[in-house]
Amino acid sequence: MENVAMTTKELMALSDTVIMGTYSRFPIVLVKGDGARVWDSEGNEYIDCVAGIAVCSLGHSHPRVVEAIKRQADLLMHVSNFYYIEPQIRFAKLLVEHSFADKAFFCNSGAEANEAAIKLARKFAQDTMEGKKYEIITMENSFHGRTLTTVAATGQTKFQVGFEPLPVGFSYVPFNDIAALEKAVTDKTCAVMVEPIQGEGGIRIPGRDYLKGVRKICDDRGILLIFDEVQVGMGRTGTLFAYEESGIEPDIMTLAKAIGNGFPMGAMLATDRVAAAFTPGSHASTFGGNPLAMAAGIAVMETMFQDGILEQCRETGAYFIDKLKELKDRHPIVEDVRGRGLIIGMELSCDGGDLVRKAMARGILMICAGGNVLRFVPSLTISKEDVDSVIEVLDEVLG
Ligand SMILES: Cc1ncc(COP(=O)(O)O)c(C=O)c1O
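1. A few points about the site of the ligand
Part 1 of the reasoning: The immediate surroundings of the ligand are formed by 13 residues, with Gly110, Ala111, Asp228, Gln231 and Lys257 found nearest.
Part 2 of the reasoning: Measuring from an oxygen atom of the ligand, one finds a backbone N or O atom of Gly110 at 2.8 Å.
Part 3 of the reasoning: For the ligand, an oxygen atom lies 3.4 Å from a polar atom in the side chain of Glu200.
Part 4 of the reasoning: When the ligand is considered free in solution it has 390 Å² of accessible area, and contact with the protein chains removes 81% of it.
Part 5 of the reasoning: Considering every element that reaches the shell around the ligand, the biggest residue donor is helix H5 (residues 110–128), with three residues.
Part 6 of the reasoning: Taken together, the residues of the shell around the ligand break down into three nonpolar, six polar and four charged.

2. What about the packing of helix H11 (residues 309–330) against helix H13 (residues 384–398)?
Part 1 of the reasoning: Contact pair H11 / H13: the axes reach a minimum separation of 10 Å and the direction vectors enclose 20°. Judged by the inter-axis angle, H11 sits roughly parallel to H13. Once H11 is placed against H13, the crossing between them reads as right-handed. Facing H11, whose interface residues are Glu315, Thr316, Tyr319, Phe320, Lys323, Leu324, Leu327 and Arg330, H13 presents Lys384, Val387, Asp388, Val390, Ile391, Leu394, Asp395 and Leu398.
Part 2 of the reasoning: Tallied by class, residues from the contact of H11 with H13 come to nine nonpolar, one polar and six charged.

3. Re the nonpolar core
Part 1 of the reasoning: If you look at the biggest cluster of nonpolar residues, it comprises 79 residues, and the most contacted ones within it are Leu95, Met234, Phe320, Leu324, Met346, Phe376 and Leu394.
Part 2 of the reasoning: The residues touching Met346, leaving out its near neighbours within four places in the chain, are Leu324, Leu327, Val334, Asp336, Val337, Asn372, Val373, Leu374, Phe376 and Leu398.
Part 3 of the reasoning: If you look at the next biggest cluster of nonpolar residues, it comprises 26 residues, including Ile118, Met193, Met268 and Val274.

4. Points about unusual backbone geometry
Part 1 of the reasoning: Here Glu164 and Pro165 are connected by a cis peptide whose omega angle stands at 5°.
Part 2 of the reasoning: Looking at the secondary structure, you find Pro165 in the loop between helix H6 (148–153) and strand E6 (170–173).
Part 3 of the reasoning: In this structure, Ile203 is a non-glycine residue whose phi angle is positive, near 50°.
Part 4 of the reasoning: Inspection of the secondary structure puts Ile203 in the loop between strand E7 (189–194) and helix H8 (210–221).
Part 5 of the reasoning: Phi is positive for Met234, which is not a glycine, with a value near 65°.
Part 6 of the reasoning: Counting through the fold element by element, Met234 comes out in the loop between strand E8 (224–228) and strand E9 (252–255).
Part 7 of the reasoning: On the basis of relative accessible area, Met234 is assigned to the buried category, the value being 0%.

5. Observations concerning the state of the cysteines
Part 1 of the reasoning: Enumeration according to the criterion identifies zero disulfides in this entry.
Part 2 of the reasoning: Cysteine Cys49 remains unbridged, with the sulfur of Cys368 as its closest cysteine sulfur at 13 Å.
Part 3 of the reasoning: Just so you know, Cys218 is unpaired, no disulfide at all, and the nearest cysteine sulfur is the one on Cys190, 10 Å from it.

6. Description of the packing of aromatic side chains
Part 1 of the reasoning: Applying the stated criterion across every chain, the model contains six aromatic pairs.
Part 2 of the reasoning: Considering the side-chain rings of Phe91 and Phe106, the 5.6 Å spacing of their centres and the 20° angle between planes classify their relative orientation as stacked. Of the two residues, Phe91 sits in helix H4 (residues 86–97) while Phe106 sits in strand E4 (residues 103–107), which places them 15 residues apart along the sequence. Neither residue differs from the other here; Phe91 and Phe106 are each classed as buried.
Part 3 of the reasoning: Arranged with centres 5.1 Å apart and planes meeting at 70°, the rings of Phe143 and Phe159 form a pair that is edge-to-face. Here Phe143 is found in the loop between strand E5 (135–139) and H6, whereas its partner Phe159 is found in the loop between H6 and E6, with 16 residues between them in sequence.
Part 4 of the reasoning: Overall, Phe159 belongs to the buried group, its relative accessible area being 15%.

7. Comments concerning the sheet that holds strand E3 (residues 45–48)
Part 1 of the reasoning: Strand order across the open sheet formed by four strands is E1-E2-E3-E13, with mixed pairing between neighbours. This sheet does not close on itself; its edge strands, each paired only once, are strand E1 (30–34) and strand E13 (364–365).

8. Quick look at the pairing of strand E12 (residues 343–348)
Part 1 of the reasoning: Most of E12 sits inside the fold, with six of its six residues counted as buried.
Part 2 of the reasoning: Direction of pairing for strand E11 (residues 334–340) relative to E12: antiparallel, over a ladder of six bridges. Residue pairing across strands places Val334 opposite Leu348, the latter belonging to E12.
Part 3 of the reasoning: Hairpin connection, E11 to E12: the antiparallel pair is bridged by two residues, and Gly341 has positive phi, about 60°.

9. Observations regarding the packing of helix H12 (residues 353–361) against H13
If you want to describe how two helices pack, look at the angle between their axes and the distance between the axes.
Part 1 of the reasoning: H13 packs onto H12 with a crossing angle of 130° between their chain directions and a minimal axis gap of 10 Å. One element, H12, and the other, H13, form an angle in the oblique class. Handedness of the crossing formed by H12 with H13: right-handed. Residue-level inspection shows Leu355, Lys358 and Ala359 of H12 in contact with H13, the latter providing Val393, Val397 and Leu398.

10. As for the sheet that holds E12
Part 1 of the reasoning: Read across the sheet, four strands follow the order E11-E12-E15-E14 without closing on themselves; strand pairing throughout is antiparallel. Edge positions in the open sheet fall to E11 and strand E14 (367–369), since each of these has one partner strand only. The average angle at which neighbouring strand axes cross in this sheet is 30°, direction not considered.
Part 2 of the reasoning: Direction of pairing for E14 relative to strand E15 (residues 373–376): antiparallel, over a ladder of three bridges. In the sheet register, Cys368 faces E15, and the bridge partner there is Leu374.
Part 3 of the reasoning: On the sheet, H11 packs against E11, E12 and E15 and is oriented at approximately 175° with respect to E11.
Part 4 of the reasoning: The strands touched by H13 within the sheet are E11, E12 and E15, with E15 carrying the most contacts at an inclination of about 165°.

Reading guide: rules and limits
- Residues numbered from 1 in each chain as written.
- Predicted model: local features only at pLDDT ≥ 70, side-chain atom pairs only at ≥ 80, totals over all residues.
- Heavy atoms only, no water.
- Near = heavy atom within 4 Å.
- Polar contact = N/O pair within 3.5 Å; in protein donor to acceptor, adjacent residues only side chain to side chain.
- Areas by Shrake-Rupley, 256 points an atom, 1.4 Å probe, with all protein chains shown as cover.
- Helix = DSSP H or I, 4+ residues; strand = E, 2+ residues; numbered from the N terminus.
- Nonpolar A, V, L, I, M, F, W, Y, C, P; charged D, E, K, R; others polar.
- Axes fitted to C-alpha atoms, helices over the stretch in contact; angles between N-to-C directions.
- Parallel < 35°, antiparallel > 145°, perpendicular 65-115°, else oblique.
- Left-handed = near helix turned anticlockwise from the far one by under 90°.
- Contact = heavy atoms within 4.5 Å.
- Core = buried A, V, L, I, M, F, W, Y, C linked by side-chain atoms within 4.5 Å.
- Buried < 20%, exposed > 50% of the residue type's maximum accessible area, 1.4 Å probe, protein only.
- Disulfide = S-S within 2.5 Å.
- Phe/Tyr/Trp six-rings, centres within 6.5 Å; stacked < 30°, edge-to-face > 60°.
- Pairing = 2+ DSSP bridges.

Here it is in structure tokens:
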């Protein structure tokens, strides 16, 4: 195909003819990003409260991440996991040094990280638990990905309809309900899988002691606890990992989104006791732990610590939430404002789609979670001035 410049309209029309219709897209083409801002092909500037859905936590095209990828691309882009990969070893060391985990497995997305976690839990159960245990309890309104198995793990039928028969081995209980979880554990259960804060399900934060209660049930019944931190991990909540707030640790944790700040990758972390169930040949990924991705991951983590990103996230997050609560007091359509760090939801009494479109026309990008919840997951480096601009536009469109 000739590489001639196309107008925005032509690009969008071509997209509809050559790309499968799995997304309903907003009618702009984003071509450039810098920090918390992006620009479209017509030159319009936006404050980005989406950040690629909680991915670009250090801001778009962060210079240190860009530089690390460029340097690694010059040196070595890809080799097989049949060989030792230096940046992979260094990134794994950083992850385990700063988490509960002892070992990492690398893959390419959140769904793949969850697939790996599910496989590890089943293998661990086969190797060490008595009886045939393979069932995993997940939560209603959860979201774990779009592969067949992670769709089955996801406690929302809207993602499952049309793809039956689904892989077996999952049951669902209401989120934030310890009694329901306790009742649901059977002699076939090998693990519980939960998001410490539900993202796609509407930015739902469980009660103070919920995760402690989940941990206790898992310990009492001798089953594993898996945290899906694909959306909340790597600084989003103001701590490096969301579980740190709960005072307990999982046996397995999955990560993706922000760990590469835009370079696609996923990771599944586990304790030594559980990771021992994976032996050569148990699981693999051609691209998992690829040198380029690992170079990006190292740059992300080093920047998180060196630039005080977590502190910044906590401070700006608290400021953002306060300002949104002021809007709630003025606009009866707002039912609730909740969040931690810079994952924030504003629940409305109606669908939020129209507001999202109106805000976009005024230079603010945001998306919904679960239809009626406006979701704010900007770069953790967003300035208070940008937050003020977001609030100003919201005030106008809510009115
Ligand atoms: C909690 C959670 N788990 C898993 C996924 C799936 O991640 P991916 O789209 O990278 O496969 C997502 C994506 O939004 C998520 O929020």
